[in-house]
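# Tertiary structure, described
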Amino acid sequence: MAQASWQSFPSDVPKPQDDGACNHLQGTTLPSVSLPSTSGSPVDLSKLSGLTILFCYPRTAGPNETVPDSWNQIPGARGCTPQACSFRDASSDFAEHGVARIFGCSTQDTAYQQELRERTHLPYHILSDEKLDLVSALKLPTFEFNGAALIKRMSMAIQDGKIVRVWYPVFPPGESAGEVLKWLKSREN
């Protein structure tokens, strides 16, 4: 059976470069921002105790959506579903290494994110920054596509409301969870 367009990752997509847009994040205490969640209850990351992993991504394609070539040519844009699935596939490993919770985050609305969560069997919830509240509060890097502001791909480790580690840029996206796990294991030594 052939892979659907949203599951595949072309080998010729341009690799994103580190433009320094996340250099200010490590060590930052999160401001209080409440985001809609696929759990049905809003989440304020600044209020969570323990270790939280947050990965941000531009947008996921719908189940019958063909990804346009113009999207593939934006460095770092392609690969949101493979990134989300990398965290799904490693979720039990994260728990074994002290992670209390994992969240994905994009600027898509919660209904769209819920469809993704159900379709790809994600065991964690996704936060919607549709109003760009978190983007604005943390000055997260974005880009525009078809008139929409989208978050550039990154991951963060948040301990008791403080960002303790940032991964940016993330490439290839399907290896995102593995990079975070590598860091978690290095902290144990």
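Everything here concerns the structure above.
All values reported here derive from a predicted model rather than from experimental measurement.

### Things to note about the sheet that holds strand S4 (residues 99-106)
Ordered by their spatial adjacency, five strands build an open sheet running S5-S4-S3-S8-S9, and the pairing between neighbours is mixed. Both edges of this open sheet fall to strand S5 (125-128) and strand S9 (162-167), since each of them pairs with a single strand only. Across this sheet, the average inter-strand angle for adjacent strands is 25°, counted without regard to direction. Pairing of strand S3 (residues 51-56) with strand S8 (residues 154-159), which is carried by six bridges, proceeds in the antiparallel orientation. Residue pairing in the sheet places phenylalanine 55 in a bridge with serine 155 of S8. Packed on one face of the sheet, helix H4 (residues 110-120) meets S4 and S5 and runs near 160° to S5. Where helix H6 (residues 176-188) meets the sheet, its contacts fall on S3, S4, S8 and S9, and the angle it forms with S9 comes to roughly 125°.

### Regarding the packing of helix H2 (residues 80-89) against H6
In contact at an axis separation of 7 Å, H2 and H6 are set at 45° when each is read in the N-to-C sense. Our classification of the angle between H2 and H6 gives oblique. Facing Gln83, Ser86 and Phe87 of H2, the residues of H6 in contact are Ser176, Ala177 and Val180. Considering only residue class, the contact of H2 with H6 consists of three nonpolar, three polar and no charged.

### Description of the nonpolar core
Leu45, Leu54, Leu134, Met154 and Met156 are the most contacted members of the largest nonpolar core, which has 24 residues in total. For this core, the elements supplying multiple residues, two or more each, are S3, S4, helix H5 (133-138), S8 and S9. Look past the residues within four positions of methionine 156 in its chain and what remains in contact with it is Thr52, Ile53, Leu54, Cys56, Leu140, Ile163, Arg165, Val166 and Trp167. Ala84, Ala90, Ala157 and Leu181 belong to the second largest nonpolar core, which has 23 residues in total.

### Overview of the side chain of aspartate 129
Along the chain, the position of aspartate 129 falls in the loop between S5 and H5. Lysine 131 provides the closest opposite charge to the buried, salt-bridge-free aspartate 129, at an N-O distance of 9.5 Å. A polar side-chain atom of aspartate 129 sits 2.8 Å from the main-chain amide nitrogen of valine 135. Look past the residues within four positions of aspartate 129 in its chain and what remains in contact with it is Leu35, Cys105, Ser106, Thr107, Leu134, Val135 and Ile151.

### Some thoughts on the packing of aromatic side chains
Taken as a whole and judged by the stated rule, the model has seven aromatic pairs. Taken together, a centroid distance of 5.6 Å and an interplanar angle of 85° make the contact between phenylalanine 55 and tyrosine 124 edge-to-face. Pair noted here: phenylalanine 55 is in strand S3 and tyrosine 124 is in the loop between H4 and S5, with a separation of 69 residues, a long-range link. Taking the relative accessible area as the measure of exposure, phenylalanine 55 reaches 1% and is therefore buried.

### Quick notes on H2
Note that an α-helix has 3.6 residues per turn; residues three or four places apart therefore point the same way. For H2, a buried count of eight out of 10 residues is recorded, marking the element as mostly surrounded by other parts of the structure. Inspection of H2 places Cys80, Thr81, Pro82, Gln83, Ala84, Cys85, Ser86 and Phe87 among the buried residues, and these make up the whole buried set. Contacts made by the buried residues of H2 are with S3, helix H3 (91-96), S4, H4, S8 and H6.

### Observations regarding H4
Listed as buried for H4 are Gln113, Leu116, Arg117, Arg119 and Thr120. Against the buried residues of H4 lie H2, S4 and S5. Residue aspartate 109 occupies the N-cap position of H4, its side-chain oxygen lying 3.2 Å from the main-chain nitrogen of alanine 111. Count one or two residues on from H4 and you reach histidine 121, which has phi positive near 60°.

Thresholds, definitions, all that
Just so you know, the residues in each chain are numbered from 1, in the order the chain's sequence is written. At least 70 in pLDDT is required for a residue's local features to be given in this predicted model, at least 80 for side-chain atom pairs to be given and counted, and no such filter applies to totals for whole chains, interfaces and linings, which use all residues. Side-chain numbers come from the whole structure's heavy atoms, not from hydrogens or water. Should DSSP find at least two bridges between two strands, the strands are taken to pair. A run of DSSP states H or I qualifies as a helix once it reaches four residues; a run of E qualifies as a strand once it reaches two. Both are numbered from the N-terminal end. Lines fitted to C-alpha atoms define the axes, with helix axes restricted to the stretch in contact, and inter-axis angles between N-to-C directions lie between 0 and 180 degrees. The contact criterion used is simple: two residues touch if any of their non-hydrogen atoms lie within 4.5 Å. For this classification, under 35 degrees means roughly parallel, over 145 means roughly antiparallel, 65 to 115 means roughly perpendicular, and everything else is oblique. Think of it as three bins: nonpolar holds Ala, Val, Leu, Ile, Met, Phe, Trp, Tyr, Cys and Pro, charged holds Asp, Glu, Lys and Arg, and polar takes everything else, Gly as well. What is meant by a nonpolar core is a set of buried Ala, Val, Leu, Ile, Met, Phe, Trp, Tyr and Cys residues, joined one to another through side-chain atoms within 4.5 Å. Accessible area is worked out with a 1.4 Å probe on protein chains only. A residue is then buried under 20% of its type maximum, exposed over 50%, and partly exposed in between. Charge convention: Lys and Arg are scored as positive, Asp and Glu as negative, and His as well as the terminal groups of each chain are ignored. Salt bridge criterion: a side-chain nitrogen from Lys or Arg within 4 Å of a carboxyl oxygen from Asp or Glu. In protein, a polar contact means a hydrogen-donor-capable atom and an acceptor-capable atom, both N or O and within 3.5 Å, with residues adjacent in sequence counting only if both atoms are side-chain atoms; elsewhere, any N or O pair within 3.5 Å suffices. Any Phe, Tyr or Trp ring, taking Trp's six-membered ring, that has another such ring centre within 6.5 Å forms a pair; planes under 30 degrees apart are called stacked, those over 60 apart edge-to-face, and the others tilted.

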